[in-house]
Amino acid sequence: MKSKKAKKLKKYSKKRPREIDSGPLGIDGALSSRRSKNVDSVASLYKEDIGTAGIKDSSVSTRPNQFEVKLTKSEKKRRKERQNRFGDTSDSSGAEFDTTVALSGALSSSRGVADFGGASGSLSAGRAKKKRQQAEGKLVGTCQSLEKPYLRLTTFPKAEEVRPLPILRKSLDYVKSKYLEEEDFGWANEQLKSIRQDLTVQNLKLDFVLTVYETHGRLLLEHGDLPEFHQCQAMIQTLTGGKQQQEESREKEPWEEDTADVVLQQSAIARDEFCAYQLLYYMVQNQPNLIRCFQKDCGEAQRHAQSVVLAVLHNDYRGFFRLYNHAPHLSAYLMDFLVLRVRLAGLERIIAAYRPRISVEHIQSVFGFSDLEETRRFLQTQKIVFLKEKDKPKYWIDCKASCMKQKTGNNLKR
């Protein structure tokens, strides 16, 4: 009695195709025979003698296109109805619709000019014309509210939703006075963004615009919002001509042309202040390569910022904290982002240079800590080794042990 395995093998052998295992070619031969048939069929499309007359046979290139739609009466009628939906694009002689002209008109309509066979009745041209009329009208707001929430615009704003310049002046004074009383940063930030938006949509470029951006920049700097502060700083540079915008590839809209070349002028004190902020911002972002050169004839704030840049680059921690204690304007808020970097670099040099020990009090004085306890907490986070003394607080640092611990891989936490 045959086993089940033998029956399955017999059944499988009957179903196998005979041309694969029978014959002298086998599998490789079968594939090569198929390949030769395909080559023969392709070769029939080409001339026997190519020469310089071309490659493909002319009879091949003149075969009918299977995707081509026959131009019947019903097809002509359908095309004409479709053409009428985009306006009258045919001339008086009843010439056929030219797709090339239509395509060029569609492309030009995206730039505010429509040209469909010489007519201007398309929907895109109408929208562009309406947009241009709104721009030429120089939108002037009519809203009289001092407070207005900031909302991102998705359509062209309406006049009743925008505040005019006199109301915006009152609104800025109102926001500053209320912020001094309540110190509500979230509310003040939203209101200043709303004022900036109303100025932008009305395309106002005057000294009041600089005042708004300067006020908002100082507020953001005070609360450490560097990304938003950088936006205000970049806008101030654009308005004052300090930053040339490379927009050669973009065509200016009609409402931008009349104020595109307007350059505003900051006061001497404000210009010195924000130039100093720019130098410190480059150091905070660790981009000293963006600082081209120092100006010789500059104000007090810029001279201070230049000294801070040199102190950080040269690891002069003593000079840095002396400058920190005498920072003009709001420069100290930007220097706060550099304090930890300077302390870590200075601590690394101190434990490598001093032997055998150094006091915690010395670290406090050179790094600008408020008390010894704050200094100890900082040193403990950096895994500094202290000398053990009975019944006494940690006062001495073992520089050799701390330096060896650093070399073994426990680097200072940055």
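Residues numbered from 1 in each chain as written. Predicted model: local features only at pLDDT ≥ 70, side-chain atom pairs only at ≥ 80, totals over all residues. Heavy atoms only, no water.

### Let's talk about the packing of helix 8 (residues 165-182) against helix 10 (residues 207-222)
Put simply, helix 8 and helix 10 touch, their axes get as near as 11 Å, and they point 25° apart. Judged on the interaxial angle alone, helix 10 and helix 8 are roughly parallel. Where helix 8 crosses over helix 10, the two elements pack in a sense that is left-handed. Taken together, the residues of helix 10 that come into contact with helix 8 (itself represented by Leu165, Leu168, Arg169, Leu172, Lys176 and Tyr179) are Phe208, Thr211, Val212, Thr215, Leu219 and Glu222. Classifying every residue of the contact of helix 8 with helix 10 by side-chain character gives seven nonpolar, two polar and three charged. (Axes fitted to C-alpha atoms, helices over the stretch in contact; angles between N-to-C directions. Helix = DSSP H or I, 4+ residues; strand = E, 2+ residues; numbered from the N terminus. Parallel < 35°, antiparallel > 145°, perpendicular 65-115°, else oblique. Left-handed = near helix turned anticlockwise from the far one by under 90°. Contact = heavy atoms within 4.5 Å. Nonpolar A, V, L, I, M, F, W, Y, C, P; charged D, E, K, R; others polar.)

### Some remarks on the confidence of the model for the protein
With 64% of its residues at a pLDDT of 70 or more, the protein shows a mean pLDDT of 75. Put simply, helix 6 (residues 99-109) is where the protein has its lowest mean pLDDT, 41, and helix 14 (residues 317-325) is where it has its highest, 95. When the criterion is pLDDT under 50, residues 14-63 qualifies, and its contacts beyond four places in sequence or with other chains add up to 15 contacts. Within the model, pLDDT remains below 50 along residues 244-250, and this stretch shows three contacts once partners closer than five positions in the same chain are excluded. (pLDDT = per-residue confidence, 0-100.)

### A short note on the packing of aromatic side chains
Summed over the entire model, instances satisfying the criterion amount to nine aromatic pairs. Judged by centre distance (5.3 Å) and plane angle (80°), the ring pair of Phe274 and Tyr277 falls under edge-to-face. Within this pair, Phe274 and its partner Tyr277 are both found in helix 12 (residues 268-284), separated by three residues, close to a single helical turn. The class for Phe274 is buried, based on a relative accessible area of 3%. We classify Tyr277 as buried; its relative accessible area is 0%. Between Tyr317 and Phe367, the ring centres sit 5.5 Å apart and the planes meet at 80°, which makes this aromatic pair edge-to-face. With Tyr317 in helix 14 and Phe367 in helix 16 (residues 360-367), the pair connects residues that are 50 residues apart, well separated along the chain. On the basis of relative accessibility, which here comes to 15%, the residue Tyr317 falls in the buried class. Using a relative accessible area of 0% as the deciding quantity, one classes Phe367 as buried. Aromatic ring contacts, followed pair by pair, group Phe229, Phe274, Tyr277 and Tyr281 into a single cluster. (Phe/Tyr/Trp six-rings, centres within 6.5 Å; stacked < 30°, edge-to-face > 60°. Buried < 20%, exposed > 50% of the residue type's maximum accessible area, 1.4 Å probe, protein only.)

### Looking at the environment of Val140
Its place among the elements puts Val140 in the loop between helix 7 (123-136) and helix 8. As for Val140 and Val201, which are separated by 61 residues in sequence, their C-alpha atoms are 9.1 Å apart.

### So, the pattern of salt bridges
Counted by the stated rule, this structure contains eight salt bridges. The partner of Glu75 in a salt bridge is Arg79, and the shortest N-O contact between them spans 3.1 Å. Of this pair, Glu75 and Arg79 both sit in helix 5 (residues 73-85), four residues apart, which is roughly one turn of that helix. Using a relative accessible area of 39% as the deciding quantity, one classes Arg79 as partly exposed. (Salt bridge = Lys/Arg side-chain N within 4 Å of Asp/Glu carboxyl O.)

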